[in-house]
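# Analysis of the macromolecular model
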2 protein chains.
Amino acid sequence: MKKSQNICDLKSCFLCKNTLKEWHPAISANKVNLKVKKGEVIFKEGDPVTGIYFVNSGSVKVYKKWDKDKELIVRFAREGSLFGHRGLGVGGTYPISAAALEPTIVCYVDVAFFEASIKVNSDFTYQLLMFLTEELKQSERKMRNLAHMSVKGRVAEALISLQNQFGVTADGFINIDLSRQDLSSYAGATYETVFRMMNELVSEKLISLSGKSIRLVNREELLKLAQDIVFL
Amino acid sequence: MKKSQNICDLKSCFLCKNTLKEWHPAISANKVNLKVKKGEVIFKEGDPVTGIYFVNSGSVKVYKKWDKDKELIVRFAREGSLFGHRGLGVGGTYPISAAALEPTIVCYVDVAFFEASIKVNSDFTYQLLMFLTEELKQSERKMRNLAHMSVKGRVAEALISLQNQFGVTADGFINIDLSRQDLSSYAGATYETVFRMMNELVSEKLISLSGKSIRLVNREELLKLAQDIVFL
DNA sequence: CGTAAATAATGACATTTATCATGTAATAAT
DNA sequence: ATTATTACATGATAAATGTCATTATTTACG
(Lines give C-alpha, C1' and ligand atoms only; values in the text may rest on other atoms or scores of the structure.)
Protein backbone atom coordinates (compact mmCIF):
# COMPACT_ATOMS: atom_id res chain seq x y z
CA MET A 1 0.00 0.00 0.00
CA LYS A 2 1.32 3.38 -0.93
CA LYS A 3 0.22 6.73 0.38
CA SER A 4 -1.09 8.85 -2.43
CA GLN A 5 -0.67 12.58 -2.78
CA ASN A 6 -3.89 13.41 -4.54
CA ILE A 7 -6.81 13.91 -2.22
CA CYS A 8 -9.57 11.35 -2.15
CA ASP A 9 -12.67 13.34 -2.96
CA LEU A 10 -15.19 10.79 -1.76
CA LYS A 11 -17.29 11.95 -4.64
CA SER A 12 -19.43 8.89 -4.56
CA CYS A 13 -19.50 7.96 -0.92
CA PHE A 14 -23.05 6.86 -0.27
CA LEU A 15 -22.91 8.16 3.25
CA CYS A 16 -21.33 11.50 2.50
CA LYS A 17 -23.20 12.29 -0.66
CA ASN A 18 -26.54 12.42 1.00
CA THR A 19 -26.07 13.59 4.49
CA LEU A 20 -22.61 14.75 5.20
CA LYS A 21 -21.90 17.90 3.31
CA GLU A 22 -20.67 19.53 6.46
CA TRP A 23 -18.87 16.45 7.73
CA HIS A 24 -17.07 15.95 4.49
CA PRO A 25 -14.38 18.61 4.88
CA ALA A 26 -13.57 17.30 8.31
CA ILE A 27 -13.06 13.80 7.03
CA SER A 28 -10.96 15.11 4.21
CA ALA A 29 -8.62 16.64 6.74
CA ASN A 30 -8.43 13.50 8.83
CA LYS A 31 -7.79 10.84 6.31
CA VAL A 32 -5.01 9.28 4.36
CA ASN A 33 -5.25 7.96 0.83
CA LEU A 34 -3.87 4.59 -0.03
CA LYS A 35 -3.15 3.09 -3.40
CA VAL A 36 -3.64 -0.66 -3.28
CA LYS A 37 -2.46 -3.07 -5.92
CA LYS A 38 -4.58 -5.91 -7.26
CA GLY A 39 -4.57 -8.79 -4.81
CA GLU A 40 -2.98 -6.76 -2.05
CA VAL A 41 -4.33 -7.35 1.45
CA ILE A 42 -5.43 -4.16 3.19
CA PHE A 43 -5.93 -5.72 6.60
CA LYS A 44 -6.58 -9.19 7.87
CA GLU A 45 -8.42 -10.89 10.70
CA GLY A 46 -6.73 -10.31 13.99
CA ASP A 47 -4.99 -7.10 12.97
CA PRO A 48 -5.51 -4.34 15.49
CA VAL A 49 -8.14 -1.86 14.38
CA THR A 50 -6.72 1.52 13.51
CA GLY A 51 -9.33 2.95 11.21
CA ILE A 52 -12.10 2.41 8.75
CA TYR A 53 -11.91 2.68 4.99
CA PHE A 54 -13.83 4.09 2.06
CA VAL A 55 -13.37 2.84 -1.47
CA ASN A 56 -12.63 5.77 -3.71
CA SER A 57 -12.13 3.76 -6.87
CA GLY A 58 -11.80 0.07 -7.60
CA SER A 59 -13.22 -2.79 -5.60
CA VAL A 60 -12.44 -4.80 -2.52
CA LYS A 61 -13.40 -8.22 -1.26
CA VAL A 62 -14.24 -8.60 2.40
CA TYR A 63 -13.69 -12.16 3.52
CA LYS A 64 -13.18 -14.51 6.41
CA LYS A 65 -10.48 -17.10 6.32
CA TRP A 66 -10.92 -20.72 7.24
CA ASP A 67 -7.97 -22.82 6.14
CA LYS A 68 -4.72 -21.77 4.69
CA ASP A 69 -6.47 -21.96 1.34
CA LYS A 70 -10.15 -21.66 2.18
CA GLU A 71 -12.19 -18.59 2.80
CA LEU A 72 -15.69 -17.18 2.52
CA ILE A 73 -16.24 -13.88 0.78
CA VAL A 74 -18.73 -12.01 2.89
CA ARG A 75 -19.31 -9.07 0.61
CA PHE A 76 -17.72 -6.78 -1.93
CA ALA A 77 -17.11 -3.09 -1.38
CA ARG A 78 -17.27 -0.95 -4.45
CA GLU A 79 -16.69 2.72 -5.20
CA GLY A 80 -18.32 4.78 -2.47
CA SER A 81 -18.75 1.97 0.01
CA LEU A 82 -17.10 1.69 3.36
CA PHE A 83 -15.45 -1.32 4.95
CA GLY A 84 -13.54 -2.11 8.09
CA HIS A 85 -16.45 -0.88 10.21
CA ARG A 86 -16.73 -4.37 11.70
CA GLY A 87 -13.69 -3.36 13.69
CA LEU A 88 -15.75 -0.90 15.70
CA GLY A 89 -16.84 -1.79 19.19
CA VAL A 90 -15.34 -4.40 21.44
CA GLY A 91 -12.42 -6.55 20.52
CA GLY A 92 -10.07 -4.09 18.98
CA THR A 93 -9.18 -6.39 16.11
CA TYR A 94 -10.73 -6.80 12.69
CA PRO A 95 -12.93 -9.90 12.52
CA ILE A 96 -12.54 -10.06 8.73
CA SER A 97 -9.93 -9.46 6.06
CA ALA A 98 -9.99 -7.15 3.08
CA ALA A 99 -8.09 -7.31 -0.20
CA ALA A 100 -8.24 -5.38 -3.46
CA LEU A 101 -9.70 -7.13 -6.50
CA GLU A 102 -8.16 -4.61 -8.87
CA PRO A 103 -5.95 -1.53 -8.57
CA THR A 104 -7.88 0.41 -5.97
CA ILE A 105 -7.70 3.69 -4.10
CA VAL A 106 -9.07 3.65 -0.59
CA CYS A 107 -9.19 6.41 1.93
CA TYR A 108 -8.50 5.68 5.48
CA VAL A 109 -10.09 7.43 8.45
CA ASP A 110 -8.69 7.12 11.92
CA VAL A 111 -11.03 5.15 14.15
CA ALA A 112 -11.00 7.68 16.98
CA PHE A 113 -12.04 10.40 14.60
CA PHE A 114 -14.69 8.17 13.09
CA GLU A 115 -16.15 7.30 16.46
CA ALA A 116 -16.15 10.91 17.51
CA SER A 117 -17.99 11.82 14.32
CA ILE A 118 -20.57 9.16 14.99
CA LYS A 119 -21.30 10.59 18.37
CA VAL A 120 -21.65 14.11 17.05
CA ASN A 121 -23.39 13.76 13.74
CA SER A 122 -26.67 12.00 14.23
CA ASP A 123 -27.66 12.10 10.58
CA PHE A 124 -24.52 10.26 9.65
CA THR A 125 -25.07 7.76 12.43
CA TYR A 126 -28.58 7.17 11.23
CA GLN A 127 -27.32 6.46 7.73
CA LEU A 128 -24.75 4.13 9.15
CA LEU A 129 -27.43 2.37 11.15
CA MET A 130 -29.47 1.76 8.05
CA PHE A 131 -26.40 0.53 6.24
CA LEU A 132 -25.64 -1.96 9.00
CA THR A 133 -29.24 -3.13 9.12
CA GLU A 134 -29.15 -3.80 5.42
CA GLU A 135 -25.86 -5.66 5.72
CA LEU A 136 -27.31 -7.73 8.54
CA LYS A 137 -30.32 -8.67 6.46
CA GLN A 138 -28.14 -9.75 3.56
CA SER A 139 -25.89 -11.62 5.88
CA GLU A 140 -28.70 -13.58 7.44
CA ARG A 141 -30.17 -14.36 4.08
CA LYS A 142 -26.84 -15.73 2.99
CA MET A 143 -26.53 -17.70 6.20
CA ARG A 144 -29.82 -19.37 5.57
CA ASN A 145 -28.82 -20.12 1.99
CA LEU A 146 -25.54 -21.65 3.07
CA ALA A 147 -27.43 -23.89 5.45
CA HIS A 148 -30.22 -25.02 3.15
CA MET A 149 -29.69 -24.09 -0.48
CA SER A 150 -27.85 -26.35 -2.92
CA VAL A 151 -24.51 -25.26 -4.33
CA LYS A 152 -26.11 -24.80 -7.73
CA GLY A 153 -28.63 -22.40 -6.27
CA ARG A 154 -25.91 -20.54 -4.45
CA VAL A 155 -23.89 -20.21 -7.64
CA ALA A 156 -26.93 -18.83 -9.43
CA GLU A 157 -27.50 -16.41 -6.59
CA ALA A 158 -23.85 -15.38 -6.52
CA LEU A 159 -23.88 -14.64 -10.25
CA ILE A 160 -27.04 -12.58 -10.08
CA SER A 161 -25.70 -10.73 -7.10
CA LEU A 162 -22.45 -9.98 -8.92
CA GLN A 163 -24.30 -8.65 -11.92
CA ASN A 164 -26.48 -6.49 -9.70
CA GLN A 165 -23.46 -5.08 -7.97
CA PHE A 166 -21.05 -4.65 -10.85
CA GLY A 167 -23.33 -4.36 -13.84
CA VAL A 168 -22.48 -5.57 -17.32
CA THR A 169 -19.96 -4.60 -20.00
CA ALA A 170 -20.97 -3.41 -23.46
CA ASP A 171 -21.16 -7.01 -24.68
CA GLY A 172 -23.26 -8.13 -21.75
CA PHE A 173 -20.73 -9.82 -19.50
CA ILE A 174 -20.67 -9.27 -15.76
CA ASN A 175 -18.41 -6.31 -15.29
CA ILE A 176 -15.96 -7.75 -12.80
CA ASP A 177 -12.78 -9.71 -13.21
CA LEU A 178 -13.11 -12.32 -10.48
CA SER A 179 -11.03 -15.46 -10.23
CA ARG A 180 -12.90 -18.75 -10.16
CA GLN A 181 -11.46 -19.28 -6.72
CA ASP A 182 -13.03 -16.05 -5.54
CA LEU A 183 -16.32 -16.93 -7.16
CA SER A 184 -16.24 -20.21 -5.26
CA SER A 185 -15.44 -18.43 -2.04
CA TYR A 186 -18.35 -16.12 -2.66
CA ALA A 187 -20.73 -19.02 -3.31
CA GLY A 188 -19.32 -20.82 -0.29
CA ALA A 189 -18.23 -24.07 -1.94
CA THR A 190 -15.12 -25.65 -3.37
CA TYR A 191 -13.69 -24.65 -6.71
CA GLU A 192 -14.44 -28.07 -8.19
CA THR A 193 -18.08 -28.16 -7.22
CA VAL A 194 -18.66 -24.64 -8.45
CA PHE A 195 -16.91 -25.55 -11.68
CA ARG A 196 -19.30 -28.46 -12.19
CA MET A 197 -22.33 -26.30 -11.49
CA MET A 198 -21.11 -23.67 -13.92
CA ASN A 199 -20.84 -26.40 -16.57
CA GLU A 200 -24.39 -27.48 -15.86
CA LEU A 201 -25.59 -23.89 -16.08
CA VAL A 202 -23.82 -23.52 -19.42
CA SER A 203 -25.30 -26.69 -20.90
CA GLU A 204 -28.71 -25.62 -19.64
CA LYS A 205 -28.12 -22.34 -21.48
CA LEU A 206 -28.66 -20.22 -18.39
CA ILE A 207 -25.22 -18.63 -18.66
CA SER A 208 -22.48 -18.41 -21.24
CA LEU A 209 -18.74 -18.07 -20.82
CA SER A 210 -15.97 -16.38 -22.71
CA GLY A 211 -12.70 -16.98 -20.97
CA LYS A 212 -13.19 -15.85 -17.42
CA SER A 213 -16.13 -13.64 -18.33
CA ILE A 214 -19.64 -14.71 -17.53
CA ARG A 215 -22.89 -13.65 -19.17
CA LEU A 216 -26.30 -14.35 -17.71
CA VAL A 217 -28.37 -15.71 -20.59
CA ASN A 218 -31.58 -16.72 -18.87
CA ARG A 219 -31.97 -14.50 -15.87
CA GLU A 220 -35.48 -15.76 -15.18
CA GLU A 221 -34.43 -19.35 -14.75
CA LEU A 222 -31.40 -18.34 -12.70
CA LEU A 223 -33.65 -16.40 -10.41
CA LYS A 224 -35.86 -19.44 -10.00
CA LEU A 225 -32.83 -21.49 -9.00
CA ALA A 226 -31.68 -18.87 -6.54
CA GLN A 227 -35.11 -17.99 -5.29
CA ASP A 228 -36.25 -18.26 -1.76
CA ILE A 229 -39.15 -20.53 -1.28
CA VAL A 230 -40.95 -17.65 0.33
CA PHE A 231 -44.20 -19.08 1.58
CA LEU A 232 -44.79 -22.79 1.77
CA MET B 1 -50.65 -12.86 21.89
CA LYS B 2 -52.47 -11.09 24.63
CA LYS B 3 -52.07 -7.52 25.77
CA SER B 4 -51.00 -7.41 29.37
CA GLN B 5 -52.07 -4.92 31.95
CA ASN B 6 -48.95 -4.77 34.06
CA ILE B 7 -46.35 -2.42 32.71
CA CYS B 8 -43.15 -3.79 31.28
CA ASP B 9 -40.43 -2.17 33.32
CA LEU B 10 -37.56 -2.85 30.96
CA LYS B 11 -35.49 -3.33 34.07
CA SER B 12 -32.88 -5.31 32.25
CA CYS B 13 -32.86 -3.76 28.81
CA PHE B 14 -29.21 -3.62 27.85
CA LEU B 15 -29.77 -0.46 25.91
CA CYS B 16 -31.84 1.37 28.49
CA LYS B 17 -29.95 0.36 31.56
CA ASN B 18 -26.82 2.07 30.48
CA THR B 19 -27.75 5.01 28.42
CA LEU B 20 -31.41 5.71 28.40
CA LYS B 21 -32.50 6.82 31.80
CA GLU B 22 -34.21 9.80 30.30
CA TRP B 23 -35.52 7.93 27.30
CA HIS B 24 -36.99 5.21 29.40
CA PRO B 25 -40.15 6.98 30.59
CA ALA B 26 -40.90 7.97 27.04
CA ILE B 27 -40.69 4.42 25.82
CA SER B 28 -42.83 3.26 28.70
CA ALA B 29 -45.56 5.61 27.52
CA ASN B 30 -45.33 4.48 23.91
CA LYS B 31 -45.32 0.77 24.19
CA VAL B 32 -47.63 -2.17 24.54
CA ASN B 33 -46.97 -5.31 26.49
CA LEU B 34 -47.66 -8.68 25.01
CA LYS B 35 -47.86 -12.04 26.68
CA VAL B 36 -46.73 -14.74 24.30
CA LYS B 37 -47.29 -18.44 24.80
CA LYS B 38 -44.63 -21.06 24.25
CA GLY B 39 -44.26 -21.73 20.53
CA GLU B 40 -46.36 -18.76 19.53
CA VAL B 41 -45.15 -16.81 16.51
CA ILE B 42 -44.75 -13.09 17.18
CA PHE B 43 -44.19 -12.10 13.58
CA LYS B 44 -43.01 -13.85 10.48
CA GLU B 45 -41.07 -13.06 7.34
CA GLY B 46 -43.03 -10.89 5.00
CA ASP B 47 -45.26 -9.38 7.68
CA PRO B 48 -45.41 -5.59 7.46
CA VAL B 49 -43.19 -3.92 10.02
CA THR B 50 -45.14 -2.12 12.69
CA GLY B 51 -42.69 -1.99 15.55
CA ILE B 52 -39.73 -3.42 17.31
CA TYR B 53 -39.73 -5.57 20.42
CA PHE B 54 -37.90 -5.95 23.70
CA VAL B 55 -37.90 -9.17 25.67
CA ASN B 56 -39.03 -8.44 29.17
CA SER B 57 -38.96 -12.02 30.39
CA GLY B 58 -38.58 -15.36 28.65
CA SER B 59 -36.78 -16.05 25.41
CA VAL B 60 -37.39 -15.84 21.71
CA LYS B 61 -35.92 -17.52 18.66
CA VAL B 62 -35.24 -15.39 15.62
CA TYR B 63 -35.23 -17.53 12.50
CA LYS B 64 -35.48 -17.63 8.78
CA LYS B 65 -37.66 -20.15 7.05
CA TRP B 66 -36.63 -22.27 4.13
CA ASP B 67 -39.09 -25.08 3.50
CA LYS B 68 -42.39 -25.75 5.10
CA ASP B 69 -40.42 -27.68 7.68
CA LYS B 70 -36.92 -26.28 7.48
CA GLU B 71 -35.51 -23.16 9.02
CA LEU B 72 -32.31 -21.61 10.33
CA ILE B 73 -32.25 -20.06 13.76
CA VAL B 74 -30.27 -16.88 13.41
CA ARG B 75 -30.08 -15.94 17.04
CA PHE B 76 -31.90 -16.03 20.35
CA ALA B 77 -33.18 -12.98 22.16
CA ARG B 78 -33.22 -13.20 25.91
CA GLU B 79 -34.42 -10.96 28.71
CA GLY B 80 -33.35 -7.42 27.96
CA SER B 81 -32.57 -7.95 24.31
CA LEU B 82 -34.34 -6.39 21.40
CA PHE B 83 -35.53 -8.03 18.20
CA GLY B 84 -37.45 -7.03 15.13
CA HIS B 85 -34.96 -4.27 14.40
CA ARG B 86 -34.14 -5.94 11.11
CA GLY B 87 -37.41 -4.49 9.97
CA LEU B 88 -35.96 -1.01 10.06
CA GLY B 89 -34.96 0.69 6.84
CA VAL B 90 -36.12 -0.18 3.37
CA GLY B 91 -38.53 -2.97 2.61
CA GLY B 92 -41.21 -2.43 5.16
CA THR B 93 -41.47 -6.13 5.92
CA TYR B 94 -39.66 -8.29 8.44
CA PRO B 95 -36.94 -10.37 6.81
CA ILE B 96 -37.06 -12.90 9.64
CA SER B 97 -39.56 -14.55 11.95
CA ALA B 98 -39.73 -14.63 15.73
CA ALA B 99 -41.35 -17.12 18.07
CA ALA B 100 -41.36 -17.62 21.82
CA LEU B 101 -39.42 -20.56 23.23
CA GLU B 102 -41.23 -20.39 26.56
CA PRO B 103 -43.97 -18.24 28.06
CA THR B 104 -42.60 -14.81 27.34
CA ILE B 105 -43.47 -11.18 27.89
CA VAL B 106 -42.33 -8.79 25.21
CA CYS B 107 -42.87 -5.11 24.94
CA TYR B 108 -43.64 -3.59 21.66
CA VAL B 109 -42.59 -0.13 20.53
CA ASP B 110 -44.10 1.53 17.53
CA VAL B 111 -41.58 1.82 14.71
CA ALA B 112 -42.24 5.50 14.06
CA PHE B 113 -41.56 6.28 17.68
CA PHE B 114 -38.47 4.13 17.65
CA GLU B 115 -37.09 5.80 14.55
CA ALA B 116 -37.80 9.21 15.98
CA SER B 117 -35.97 8.27 19.15
CA ILE B 118 -32.99 7.12 17.16
CA LYS B 119 -32.74 10.44 15.43
CA VAL B 120 -32.94 12.37 18.66
CA ASN B 121 -30.98 10.37 21.15
CA SER B 122 -27.45 9.92 19.88
CA ASP B 123 -26.27 7.92 22.87
CA PHE B 124 -28.97 5.38 22.27
CA THR B 125 -28.16 5.30 18.59
CA TYR B 126 -24.53 4.73 19.36
CA GLN B 127 -25.41 1.78 21.59
CA LEU B 128 -27.62 0.42 18.88
CA LEU B 129 -24.81 0.80 16.37
CA MET B 130 -22.49 -1.23 18.57
CA PHE B 131 -25.17 -3.84 19.03
CA LEU B 132 -25.65 -4.17 15.29
CA THR B 133 -21.93 -4.34 14.68
CA GLU B 134 -21.66 -7.17 17.17
CA GLU B 135 -24.56 -8.99 15.57
CA LEU B 136 -22.97 -8.56 12.18
CA LYS B 137 -19.71 -10.03 13.42
CA GLN B 138 -21.47 -13.04 14.87
CA SER B 139 -23.51 -13.43 11.78
CA GLU B 140 -20.48 -13.47 9.51
CA ARG B 141 -18.69 -15.88 11.75
CA LYS B 142 -21.65 -18.20 11.56
CA MET B 143 -21.79 -17.76 7.79
CA ARG B 144 -18.22 -18.85 7.48
CA ASN B 145 -18.85 -21.82 9.75
CA LEU B 146 -21.86 -22.93 7.75
CA ALA B 147 -19.75 -22.81 4.62
CA HIS B 148 -16.68 -24.60 5.91
CA MET B 149 -17.14 -26.23 9.29
CA SER B 150 -18.39 -29.81 9.67
CA VAL B 151 -21.77 -30.43 11.26
CA LYS B 152 -20.06 -31.87 14.31
CA GLY B 153 -18.10 -28.69 14.80
CA ARG B 154 -21.23 -26.63 14.36
CA VAL B 155 -23.07 -28.70 16.94
CA ALA B 156 -20.21 -28.20 19.38
CA GLU B 157 -20.28 -24.50 18.69
CA ALA B 158 -24.05 -24.34 19.04
CA LEU B 159 -23.92 -26.06 22.42
CA ILE B 160 -21.19 -23.80 23.75
CA SER B 161 -23.04 -20.78 22.46
CA LEU B 162 -26.25 -21.93 24.15
CA GLN B 163 -24.47 -22.41 27.45
CA ASN B 164 -22.87 -18.99 27.15
CA GLN B 165 -26.21 -17.40 26.48
CA PHE B 166 -28.46 -19.27 28.87
CA GLY B 167 -26.08 -20.47 31.53
CA VAL B 168 -26.47 -23.69 33.49
CA THR B 169 -28.93 -25.04 36.01
CA ALA B 170 -27.95 -26.07 39.54
CA ASP B 171 -27.04 -29.55 38.28
CA GLY B 172 -24.95 -28.24 35.42
CA PHE B 173 -27.29 -28.61 32.47
CA ILE B 174 -27.69 -25.90 29.87
CA ASN B 175 -30.48 -23.76 31.17
CA ILE B 176 -32.79 -23.78 28.18
CA ASP B 177 -35.52 -26.11 27.10
CA LEU B 178 -34.90 -26.38 23.38
CA SER B 179 -36.39 -28.99 21.09
CA ARG B 180 -33.97 -31.15 19.11
CA GLN B 181 -35.52 -29.69 16.01
CA ASP B 182 -34.63 -26.22 17.17
CA LEU B 183 -31.13 -27.29 18.10
CA SER B 184 -30.73 -28.66 14.59
CA SER B 185 -32.05 -25.44 13.11
CA TYR B 186 -29.56 -23.52 15.19
CA ALA B 187 -26.66 -25.71 14.07
CA GLY B 188 -27.90 -25.48 10.49
CA ALA B 189 -28.31 -29.17 9.72
CA THR B 190 -30.99 -31.84 9.68
CA TYR B 191 -32.34 -33.39 12.81
CA GLU B 192 -30.92 -36.81 11.93
CA THR B 193 -27.38 -35.60 11.35
CA VAL B 194 -27.37 -33.55 14.52
CA PHE B 195 -28.73 -36.55 16.39
CA ARG B 196 -25.80 -38.66 15.17
CA MET B 197 -23.28 -36.03 16.13
CA MET B 198 -24.79 -35.73 19.59
CA ASN B 199 -24.39 -39.49 19.96
CA GLU B 200 -20.74 -39.23 18.96
CA LEU B 201 -20.19 -36.42 21.42
CA VAL B 202 -21.80 -38.49 24.16
CA SER B 203 -19.67 -41.56 23.46
CA GLU B 204 -16.58 -39.34 23.35
CA LYS B 205 -17.64 -38.08 26.77
CA LEU B 206 -17.71 -34.44 25.69
CA ILE B 207 -21.36 -34.03 26.65
CA SER B 208 -23.92 -35.95 28.65
CA LEU B 209 -27.66 -36.11 28.31
CA SER B 210 -30.57 -36.47 30.65
CA GLY B 211 -33.78 -36.47 28.74
CA LYS B 212 -33.77 -33.33 26.67
CA SER B 213 -31.20 -31.64 28.92
CA ILE B 214 -27.60 -31.34 27.85
CA ARG B 215 -24.50 -30.95 29.98
CA LEU B 216 -21.12 -29.98 28.61
CA VAL B 217 -18.67 -32.41 30.17
CA ASN B 218 -15.44 -31.56 28.40
CA ARG B 219 -15.63 -27.92 27.43
CA GLU B 220 -12.01 -27.85 26.35
CA GLU B 221 -12.43 -30.52 23.72
CA LEU B 222 -15.71 -29.04 22.54
CA LEU B 223 -14.00 -25.73 22.08
CA LYS B 224 -11.31 -27.39 20.03
CA LEU B 225 -13.97 -28.91 17.80
CA ALA B 226 -15.72 -25.60 17.40
CA GLN B 227 -12.63 -23.52 17.20
CA ASP B 228 -11.66 -21.38 14.31
CA ILE B 229 -8.44 -22.36 12.73
CA VAL B 230 -7.30 -18.85 13.31
CA PHE B 231 -3.95 -18.59 11.65
CA LEU B 232 -2.73 -21.25 9.28
C1' DC C 1 11.03 -13.79 -24.51
C1' DG C 2 11.02 -17.67 -21.73
C1' DT C 3 10.42 -19.87 -17.53
C1' DA C 4 8.26 -20.32 -12.98
C1' DA C 5 4.26 -19.91 -10.57
C1' DA C 6 -0.34 -19.48 -10.11
C1' DT C 7 -4.88 -20.47 -11.82
C1' DA C 8 -8.02 -23.36 -14.23
C1' DA C 9 -10.07 -27.74 -16.08
C1' DT C 10 -11.31 -32.34 -15.35
C1' DG C 11 -12.00 -37.20 -13.95
C1' DA C 12 -11.96 -40.81 -10.22
C1' DC C 13 -12.99 -41.53 -5.67
C1' DA C 14 -14.15 -40.81 -0.70
C1' DT C 15 -16.82 -38.71 2.70
C1' DT C 16 -20.30 -36.19 4.52
C1' DT C 17 -24.80 -35.14 4.89
C1' DA C 18 -29.55 -35.49 3.63
C1' DT C 19 -33.55 -38.38 2.66
C1' DC C 20 -36.56 -42.01 3.52
C1' DA C 21 -38.77 -45.48 6.19
C1' DT C 22 -40.25 -47.21 10.44
C1' DG C 23 -41.13 -47.49 15.16
C1' DT C 24 -41.61 -45.38 19.73
C1' DA C 25 -42.49 -42.01 23.18
C1' DA C 26 -44.39 -37.87 24.62
C1' DT C 27 -47.99 -34.24 24.28
C1' DA C 28 -52.12 -32.16 23.02
C1' DA C 29 -56.97 -32.34 21.73
C1' DT C 30 -61.67 -34.24 22.20
C1' DA D 1 -59.35 -41.85 28.94
C1' DT D 2 -58.58 -42.29 23.98
C1' DT D 3 -57.07 -40.84 20.04
C1' DA D 4 -54.48 -37.83 17.14
C1' DT D 5 -50.54 -35.34 16.54
C1' DT D 6 -46.10 -34.02 17.13
C1' DA D 7 -41.41 -34.81 18.60
C1' DC D 8 -37.76 -38.23 19.02
C1' DA D 9 -34.85 -42.32 17.84
C1' DT D 10 -32.52 -45.14 14.58
C1' DG D 11 -30.92 -47.75 10.59
C1' DA D 12 -30.62 -48.14 5.48
C1' DT D 13 -29.82 -45.76 1.39
C1' DA D 14 -29.04 -42.14 -1.86
C1' DA D 15 -27.43 -37.83 -3.21
C1' DA D 16 -24.53 -33.99 -2.80
C1' DT D 17 -20.26 -32.25 -2.09
C1' DG D 18 -15.50 -32.37 -1.04
C1' DT D 19 -10.70 -34.40 -1.77
C1' DC D 20 -7.05 -35.86 -4.53
C1' DA D 21 -4.37 -36.41 -8.60
C1' DT D 22 -3.22 -34.94 -13.23
C1' DT D 23 -2.89 -32.01 -17.06
C1' DA D 24 -3.60 -27.69 -19.46
C1' DT D 25 -3.55 -22.84 -19.57
C1' DT D 26 -2.74 -18.37 -18.31
C1' DT D 27 -0.22 -14.83 -15.85
C1' DA D 28 3.75 -12.72 -13.64
C1' DC D 29 8.24 -11.38 -13.87
C1' DG D 30 13.33 -11.52 -14.41
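The structure we're discussing is the one just above.
Residues numbered from 1 in each chain as written. Chains lettered and ligands numbered in written order. Predicted model: local features only at pLDDT ≥ 70, side-chain atom pairs only at ≥ 80, totals over all residues. Heavy atoms only, no water.

## Topic: the pattern of salt bridges
Operational definition: What makes a salt bridge here is a side-chain nitrogen of Lys or Arg within 4 Å of a carboxyl oxygen of Asp or Glu, nothing more. Note on conventions: DSSP H or I runs of at least 4 residues are helices, E runs of at least 2 residues are strands, and numbering of each starts at the N terminus.
Here the structure, examined in full by the defined rule, presents 28 salt bridges over all chains. Of the charged contacts in the structure, one is a salt bridge between Arg141(A) and Glu157(A), with a shortest N-O distance of 2.7 Å. Residue Arg141(A) is located in helix 4 (residues 122-148), and its partner Glu157(A) is located in helix 5 (residues 151-166); the two are separated by 16 residues in the primary sequence. Residues Glu204(A) and Lys152(A) are paired through a salt bridge, measuring 2.6 Å at the closest nitrogen-oxygen approach. In this pair, Glu204(A) sits in the loop between helix 7 (191-203) and strand 10 (207-210) while Lys152(A) sits in helix 5, placing the two residues 52 residues apart along the sequence. One salt-bridge network, held together by shared partners, links Arg75(A), Arg86(A), Glu135(A) and Glu140(B).

## Regarding the protein's contact with DNA strand C
For clarity, the threshold we go by: Proximity criterion: a residue is near a molecule or strand once any of its heavy atoms comes within 4 Å of it. Residues adjacent in sequence count toward polar contacts only when both atoms are side-chain atoms; beyond that, a polar contact is any pair of N or O atoms within 3.5 Å, and within protein one must be able to donate a hydrogen and the other to accept it. Classification used: nonpolar for Ala, Val, Leu, Ile, Met, Phe, Trp, Tyr, Cys and Pro, charged for Asp, Glu, Lys and Arg, polar for all others including Gly.
Around DNA strand C there are 17 residues in total, and Arg180(A), Tyr191(A), Phe195(A), Glu192(B) and Thr193(B) lie nearest to it. Contact between DNA strand C and Thr190(B): a phosphate oxygen at 3.3 Å from a side-chain N or O atom of the residue. One of the side-chain N or O atoms of Thr193(B) is found 2.8 Å from a phosphate oxygen in DNA strand C. Only helix 6 (180-187) and helix 7 of chain A together with helix 7 (191-203) of chain B provide two or more residues apiece to the surface near DNA strand C. It is helix 7 of chain A that provides the largest number of residues to the surface near DNA strand C, a total of five residues. For the surface near DNA strand C, a count of residues per class yields four nonpolar, six polar and seven charged.

## Quick notes on the pairing of strand 8 (residues 97-100) of chain A
Residue and element names in this part refer to chain A. Definition in use: Here's how the labels work: a residue is buried when its accessible area is under 20% of the maximum for its type, exposed when over 50%, partly exposed in between, all with a 1.4 Å probe on protein chains only. Whether two strands pair comes down to DSSP finding at least two bridges between them.
Every second residue of strand 8 is oriented toward a common face, with Ser 97 and Ala 99 on one face and Ala 98 and Ala 100 on the other, all of them buried. Alignment of strand 3 (residues 41-43) against strand 8, held across two bridges, turns out to be antiparallel. Paired with Phe 43 across the bridge in strand 8 is Ala 98. Two elements, strand 5 (residues 59-65) and strand 8, share four bridges in a ladder whose sense is antiparallel. The residue bridging Lys 61 from the neighbouring strand is Ala 99, located in strand 8.

Spatial relationships are all this shows, so hold off on functional conclusions.
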